[in-house]
Amino acid sequence: MAGILSGLESLGLGALNGTDVLEDEEEKKKAAEARAAALQPPKVQEKDLIYDKVYTCKVCHKSFNAKIMKSGKSKLLGVGFALRPRYEGIAAEKYDVLLCPHCGYAALTKYFDVLLDAQAKLIKENISKNVILTEYNGEIYGFDQALERYKLALANAVVKKGKVSERSFICLKTAWLLASYCENLEAEEPDEDEKIKSLKAQEEEYLRTAMDGFVDARQKETPPIAGMDGVTLDYLIAELAVHFKEYDVASRMIQSILTAPGANARIKDKARDLKDTMQAQKKA
Ligand SMILES: [Zn+2]
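Everything numeric in this text was worked out from a predicted model, so none of it was measured. (Residues numbered from 1 in each chain as written. Predicted model: local features only at pLDDT ≥ 70, side-chain atom pairs only at ≥ 80, totals over all residues. Heavy atoms only, no water.)

## Looking at the overall build of the protein chain
Looking only at helices and strands, the protein chain features 8 helices and 6 strands. In summary, the protein chain has a C-alpha radius of gyration of 27 Å against a globular reference of 19 Å for 284 residues, an excess of more than 25%. Dimensions of the protein chain, computed from C-alpha atoms along their principal axes, come out at roughly 100 × 50 × 35 Å. Looking at the protein chain residue by residue over its 284 residues, the buried ones come to 40%. When contacts within the protein chain are restricted to residue pairs at least 6 apart in sequence, long-range pairs at least 24 apart make up 60% of them. (Helix = DSSP H or I, 4+ residues; strand = E, 2+ residues; numbered from the N terminus. Rg over C-alpha atoms; globule rule 2.2 N^0.38 Å. Buried < 20%, exposed > 50% of the residue type's maximum accessible area, 1.4 Å probe, protein only. Contact = heavy atoms within 4.5 Å.)

## A short note on the side chain of D96
Mapped onto the secondary structure, D96 falls in the loop between β4 (85-87) and β5 (97-99). For D96, a relative accessible area of 16% corresponds to the buried category. A distance of 2.7 Å separates polar atoms of two side chains, one belonging to D96 and the other to T109. Among the polar contacts made by the side chain of D96, one reaches the side chain of K173 at a distance of 2.4 Å. Apart from the residues lying within four places of it in its own chain, the contact partners of D96 are A107, L108, T109, Y150 and K173. (Polar contact = N/O pair within 3.5 Å; in protein donor to acceptor, adjacent residues only side chain to side chain.)

## Considering the pairing of strand β1 (residues 50-56)
Here β1 pairs with strand β2 (residues 63-69) via 7 bridges, running antiparallel. Paired with Y51 across the two strands is I68, which belongs to β2. Count of turn residues in the β1/β2 antiparallel hairpin: 6 residues, of which H61 carries a positive phi of about 65°. (Pairing = 2+ DSSP bridges.)

## So, the coordination of the zinc ion
Distances from the zinc ion to its protein donors, C57 (SG), C60 (SG), C100 (SG) and C103 (SG), fall at 2.2 to 2.3 Å. Coordination at the zinc ion is tetrahedral: its 4 donor atoms span angles of 104 to 115° at the metal. Spacing between the donor residues of the zinc ion along their common chain follows C-x2-C-x39-C-x2-C. Taken together, the residues span a long stretch of sequence, with C57 in the loop between β1 and β2 and C100 in the loop between β5 and β6 (106-108) at a distance of 43 residues. (Donors = N, O, S within 2.8 Å, 3.2 Å for Na, K, Ca; no water. Tetrahedral: all angles 85-135°; square planar, octahedral: opposite > 155°, others 65-115°.)

## As for the pattern of salt bridges
All chains considered together, the criterion is met by 15 salt bridges. Between R84 and E183 there is a salt bridge, and its shortest N-O distance comes to 3.1 Å. One end of the pair, R84, is in the loop between β3 (76-79) and β4; the other, E183, is in helix α4 (residues 164-188), and 99 residues separate them in sequence. By relative accessible area, which is 32% here, E183 ends up partly exposed. In this structure, E183 engages R86 in a salt bridge whose closest nitrogen and oxygen atoms are separated by 3.1 Å. One end of the pair, E183, is in helix α4; the other, R86, is in strand β4, and 97 residues separate them in sequence. A single salt-bridge network, built from bridges that share partners, covers R84, R86 and E183. (Salt bridge = Lys/Arg side-chain N within 4 Å of Asp/Glu carboxyl O.)

## Digging into the domain arrangement of the protein chain
The extent of an interface is frequently quoted as the accessible surface area lost upon association of the parts. The domain boundaries assigned to the protein chain delineate domain 1 (46-228) and domain 2 (229-284). Between the C-alpha centres of domain 1 and domain 2 there is a distance of 26 Å. When domain 1 packs against domain 2, the two sides together hide about 1,600 Å² of surface, and 76% of this comes from carbon and sulfur. In terms of surface lost to domain 2, no three residues of domain 1 exceed M211, R218 and M228, which account for 37% of the buried area on that side. In this structure, the connection of domain 1 to domain 2 is made through 2 salt bridges. Between R208 and E246 there is a salt bridge, with its nearest N and O atoms 3.0 Å apart. Residues that form the side of domain 1 that touches domain 2 fall into these classes: 11 nonpolar, 2 polar and 3 charged. (Domains from an automatic or database assignment. Buried area = accessible area lost by both parts, 1.4 Å probe. Nonpolar A, V, L, I, M, F, W, Y, C, P; charged D, E, K, R; others polar.)

Shown next, in the form of structure tokens:
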């Protein structure tokens, strides 16, 4: 078959001979894209990166389930501002508070089992007697739910008179969670600007409290402090101090890192970069 475009040679358009008259370039492109997408591995979903684990409460001794991140399966993308780790497909911070649904005892995973009898008593009297817990049944923890868990962990830490480093660490992680929450809203519901503004203001407040607390903990406690060695803690404080324009504090921490005998080259480089950022920020 010569095709309906045959005979164009005489018009100098022989190259079009045999072309499909009804072909749609756009459709073809879309089909190719769809084929390529089908070949991509499926996007990692948060629900596939968590699992239910059974814990026994240190206060009421009943058992309960909590959702935990599968750390071996979650891919770390990098570490951002205020040492916040970023994972692919999951806001990891959501899964670091253990909460007993029977009595309201809550703590960061690493502190959950560390509880004196006197502290358990304080929690029974000041938390368990009064707490009213919200019931959630989702497949994953939502941001508001995770935020509630952090607030309970902080309330517990205050009531049990936990170390200032533990309270500061809860504040730091709450700030990480609020940052994730903001990013999620900005991507999914950008019209929610009032809510985004309020979350950002809360994040600042938690970061500020974390910084002041860690400065205090640095005086009172010996490293590791909240799991961080001295140099890492100094870097965290320095980064937060630059953020809050507390340049005296930042300079002292940077100096301490640069002169620390045990500090590795990588953190010293990071401290020098931070010093440059601070100088530039001061001039601006
Ligand atoms: Zn309990």
